Amino acid sequence: MPDHLAAERALVDSLVAENAETWDLAGRIPAEVLRELGTAGLLCAQVPTAHGGRGLTSADNGEFTAHVGSRCSSLRSVMTSQGMAAWTVQRFGDRSQRDTLLAQLTSGHLAAVGFSEPEAGSDLSAIRTEIRAEGDTVVVTGHKVWMTAACYADLLIVVGRFDGGAAAVVVPSSADGVRVRKVADPLGCRAAGHAEVELDEVRLPASSVLGGVGQSLPLLLTTALAYGRFSVAWGCVGILRACLASAAAHAANRQQSGVPLAGHQLVARHLAELVADERTAALACERASRCWDEASPDLVVATVLAKHVSARNAARGAARAVQVLASAGARDGHVVARAYRDAKLMELIEGSNEICQLLLAEHAVAGASR
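These numbers come from a predicted model, not from an experiment.

Draft legend 1. Highlighting the overall build of the protein chain. Looking only at helices and strands, the protein chain has eleven helices and nine strands in total. Compactness check: the protein chain gives a C-alpha radius of gyration of 21 Å against a globular reference of 21 Å for 370 residues, within 12% of the reference. Counting only C-alpha atoms and orienting by the principal axes, one finds that the protein chain spans roughly 80 × 55 × 40 Å. Pairs at least 24 apart in sequence give 75% of the contacts found in the protein chain among residues at least 6 apart. For the protein chain, the exposed surface amounts to about 15,200 Å²; the carbon and sulfur share of it is 53%. Computed over 34 positive and 39 negative side-chain charges, the inter-centroid distance for the protein chain is 5 Å.

Next comes the structure, spelled out in structure tokens:
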């Protein structure tokens, strides 16, 4: 990570310390930790300085995200949620909304973004949540599932049908008609605050709709998911780095048949593949970040590729790390056991492996037909 982010990395290290296991087992990160990082502008560090953010490039924010992911994937998941919220506001909010909301998101307010519904997972075109205009108000009705960080959020950015198209509406979690119910015992990222959110005729000022007008649903989803995929991909690099560090240290120090585990070729193979998985994922993420920073037309495909490669490699790499540590790492809460669960979840969210494969295949076919 660049030296100019050493202080930010040190702050994360001091706050996480040895707490990631405790947070994972308890299923919660202390709110004061999240608000301290939020107040420092580090939960959405790409927000421009003019709006109170750090103004980091995608490359710098990516490396910072990987560092957080290496310490605690649940914390990194909250970062992803906050970053997606900020990016959605940046892209679709009007000037007043950007000024107000981005200042909040870089000063301690927490946010979650709601896409998925009981019948709208991989096929987000099936979203049924309704945003209905009534005079100078809008009424929001719907049911969102697996909203990361919703248990902590002050603001819920909800995507729904609006005015013949779609829109993102900013809903205070304290508003009448909002019910947040924590997902019990999720497989991975247990402390990330996953929740189901019921929206029962929630009445809000019309100014709560970002931009005030309807948008194309595919454009809205593609824009918001691009940030989420980018952040998850870099977080998976962090998972791989944590697994590699733990497996390498164990293999170097654990004796078997009179020699270190690393001296056994079959164990050494696992370490070599972990190195290859980490480097491959990091290179894919670095390319995606370059595309982001250069506003390249290849950004969407590069981000999907980075997410797919990084999530796949993280799941595979975490399994290798558990294999190397064996019983030493086969207990709930251990860094590699936690990584094993967290990485599997990464193969499902922000576009499953299969959805990423379909998108990449469509890109290949489109290229061949030119």
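Next comes the rest of the write-up.
Draft legend 2. A look at the pairing of strand S2 (residues 130-134). Bridge count between S2 and strand S3 (residues 137-147): five bridges; the pairing is antiparallel. Each residue of the ladder has a partner; that of Ala133, found in S3, is Val138. Adjacent in sequence and paired antiparallel, S2 and S3 are bridged by two residues, among which Gly135 carries a positive phi angle near 65 degrees.

Draft legend 3. Quick peek at unusual backbone geometry. For Asp163, which is not glycine, the phi torsion reads 55 degrees and is therefore positive. As for its position among the elements, Asp163 is in the loop between strand S4 (155-162) and strand S5 (165-172). Positive phi, normally seen in glycine, also occurs at Glu201, with a value near 50 degrees. Mapped onto the elements, Glu201 comes out in strand S7 (residues 195-205). Exposure remark for Glu201: the relative accessible area of 43% places this residue in the partly exposed category.

Draft legend 4. Focus on empty space enclosed by the protein. Enumeration over the complete set of coordinates arrives at three cavities of 30 Å³ or more. In this structure, the largest cavity occupies an estimated 70 Å³ of space. Along the walls of the largest cavity sit Gly69, Ser70, Arg71, Cys72, Ser73, Ile239, Ala242, Val335, Arg338, Ala339 and Asp342, which together make up its complete lining. When residues of the lining of the largest cavity are traced back to their parent elements, those giving at least two are helix H4 (58-71), helix H7 (217-253) and helix H10 (335-346). In terms of residue count, H10 provides more of the lining of the largest cavity than any other element does, four residues in total. Along the lines of polarity and charge, the residues of the lining of the largest cavity split into five nonpolar, three polar and three charged.

Draft legend 5. Geometry of the environment of Ile239. With respect to the helices and strands, the residue Ile239 is situated in helix H7. Once the C-alpha coordinates of Ile239 and Ala315 are considered, the two residues, 76 residues apart in sequence, prove to be 9.0 Å apart. Look past the residues within four positions of Ile239 in its chain and what remains in contact with it is Gly69, Ser70, Ser73, Ala314, Ala339, Asp342, Ala343 and Met346.

About the cut-offs
Residues numbered from 1 in each chain as written. Predicted model: local features only at pLDDT ≥ 70, side-chain atom pairs only at ≥ 80, totals over all residues. Heavy atoms only, no water. Helix = DSSP H or I, 4+ residues; strand = E, 2+ residues; numbered from the N terminus. Rg over C-alpha atoms; globule rule 2.2 N^0.38 Å. Contact = heavy atoms within 4.5 Å. Areas by Shrake-Rupley, 256 points an atom, 1.4 Å probe, with all protein chains shown as cover. Lys, Arg positive; Asp, Glu negative; His and termini not counted. Charge placed at Lys NZ, Arg CZ, Asp CG, Glu CD. Pairing = 2+ DSSP bridges. Buried < 20%, exposed > 50% of the residue type's maximum accessible area, 1.4 Å probe, protein only. 1 Å grid on protein atoms, 1.4 Å probe; cavity = no way out; pocket = protein on both sides within 12 Å on 5 of 7 lines; lining within 4 Å. Points joined across faces, edges and corners; volume = space filled by probe spheres on them. Nonpolar A, V, L, I, M, F, W, Y, C, P; charged D, E, K, R; others polar.

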